[in-house]
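Reading the structure
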Amino acid sequence: MSEREALFNSGVLTSERPGAIRPPRDLWDKKKAGLVVVECPQRIPCNPCATSCPVGAILPFEDINDTPRIDYQKCTGCGICVAVCPGLACFVVDLAYSEDRALYKLPYEMLPLPSKGDTVICLGRQGEELARGTVEAVIEPKRDRTYVIHVSAPKEFANDIRAIRTGDRA
Ligand code: SF4
Ligand code: SF4
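A brief look at the structure comes next. As the structure is a prediction and not an experimental result, all values here were calculated from the model.

Below, the discussion takes up the environment of Val-37. Within the secondary structure, Val-37 is located in strand S1 (residues 35-38). Remark: the alpha-carbon pair of Val-37 and Val-82, spanning 45 residues in sequence, is separated by 9.4 Å. Among all residues touching Val-37, those that are not within four sequence positions of it are Ile-21, Arg-22, Pro-23, Trp-28, Ala-89, Cys-90, Phe-91, Val-93 and Arg-162.

Structure, rendered in structure tokens:
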């Protein structure tokens, strides 16, 4: 099975597949507030990430079906693209957050909503449990947007934590 077929069949992107865009590590280690990670490998008619980025870090699309290209020097880690992406394909990871923990800014559309200070389970792309995290902020959406949950968790999962589980099961 080709990589493309595997992606279509599973709907799960692994970090090795084309389209899993990683920030350059030297910049990523230093950039306060973090850098965007965009996992959007498929050509689809969608571009709010590019049209909403306030600093032009997601380069303008030439075609509505383009996949995102990132200028990591410009990215401020603001998380606006996380809130506007309808595919929940944008994340921000702040590796400069602390010595051993990163701050993950993750899209969240489930109930119950977590609260600041809650312990949550951090999940990988296939829903696998990776670590416990602490909710540092809950960013309410503006109209037609998604909640963005800021969670601190071990840095070693920077390429893997992409969701959280909250509530009684955490
Ligand atoms: S995190 Fe903010 S600055 Fe970075 S790409 Fe997303 S919207 Fe642009
Ligand atoms: S908004 Fe999300 S789904 Fe749409 S092109 Fe950008 S990253 Fe992909």
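It is worth spelling out the layout of surface pockets at this point. Of the voids in this model, the second largest pocket is the one considered here, and its volume is about 180 Å³. Every residue lining the second largest pocket is listed: Cys-78, Gly-79, Ile-80, Ala-83, Ile-139, Glu-140, Pro-141, Lys-142, Arg-145, Thr-146, Val-148 and His-150. For the lining of the second largest pocket, the secondary-structure elements that each account for two or more residues are helix H4 (80-84) and strand S6 (147-154). Considering only residue class, the lining of the second largest pocket consists of 6 nonpolar, 3 polar and 3 charged.

So, on to the site of ligand 1. Not every one of the 14 residues close to ligand 1 is listed here, only the nearest: Cys-53, Cys-75, Thr-76, Cys-78 and Cys-81. At a threshold of 2 Å from the grid points, most atoms of ligand 1 map onto the largest cavity. The residue makeup of the shell around ligand 1, split by class, is 11 nonpolar, 3 polar and no charged.

What follows covers empty space enclosed by the protein. The tally for this structure, following the rule as stated, stands at 1 cavity of 30 Å³ or more. The volume enclosed by the largest cavity comes to roughly 100 Å³. Around the largest cavity, the lining is made up of 14 residues, and of these Val-36, Cys-53, Cys-75, Cys-78 and Cys-81 lie nearest the centre.

Here we come to the nonpolar core. One finds Val-36, Val-93, Tyr-104 and Ile-164 to be the most contacted residues of the largest nonpolar core, which totals 42 residues. Not counting residues up to four positions away in its chain, the partners in contact with Tyr-104 are Val-92, Val-93, Ile-149, His-150, Val-151, Ala-153, Pro-154, Lys-155, Phe-157, Ala-158 and Ile-161.

Attention now goes to the packing of aromatic side chains. Think of a pair of aromatic rings as described by two things: how far the centres are apart, and how the planes are tilted against each other in angle. For the structure on display, the rule yields 0 aromatic pairs. One Lys or Arg, Arg-162, reaches over the ring of Phe-91 and ends 5.2 Å from the middle of that ring.

Glancing now at the pairing of S6. Burial analysis of S6 places 7 of its 8 residues in the buried class, which makes it a mostly covered element. Across 8 bridges, strand S3 (residues 101-108) lies against S6 in antiparallel orientation. Considered in S6, the bridge of Lys-105 is made with His-150. Where strand S5 (residues 129-139) and S6 come together, 5 bridges link them in antiparallel fashion. When the sheet's bridge partners are listed, Ala-137 is paired in S6 with His-150.

Moving on, we come to the environment of Cys-75. Here Cys-75 is to be found in the loop between helix H3 (48-52) and H4. Through-space distance from the C-alpha of Cys-75 to that of Ala-57 is 5.1 Å; in sequence the pair is 18 residues apart. Ignoring anything within four residues of it in the chain, the contact list for Cys-75 reads Lys-31, Gly-34, Leu-35, Val-36 and Ala-57.

Cut-offs applied
- Residues numbered from 1 in each chain as written.
- Chains lettered and ligands numbered in written order.
- Predicted model: local features only at pLDDT ≥ 70, side-chain atom pairs only at ≥ 80, totals over all residues.
- Heavy atoms only, no water.
- Helix = DSSP H or I, 4+ residues; strand = E, 2+ residues; numbered from the N terminus.
- Contact = heavy atoms within 4.5 Å.
- 1 Å grid on protein atoms, 1.4 Å probe; cavity = no way out; pocket = protein on both sides within 12 Å on 5 of 7 lines; lining within 4 Å.
- Points joined across faces, edges and corners; volume = space filled by probe spheres on them.
- Nonpolar A, V, L, I, M, F, W, Y, C, P; charged D, E, K, R; others polar.
- Near = heavy atom within 4 Å.
- Sits in = over half its atoms within 2 Å of the grid points.
- Core = buried A, V, L, I, M, F, W, Y, C linked by side-chain atoms within 4.5 Å.
- Buried < 20%, exposed > 50% of the residue type's maximum accessible area, 1.4 Å probe, protein only.
- Phe/Tyr/Trp six-rings, centres within 6.5 Å; stacked < 30°, edge-to-face > 60°.
- Lys NZ or Arg CZ within 6 Å of the ring centre and 35° of its normal.
- Pairing = 2+ DSSP bridges.

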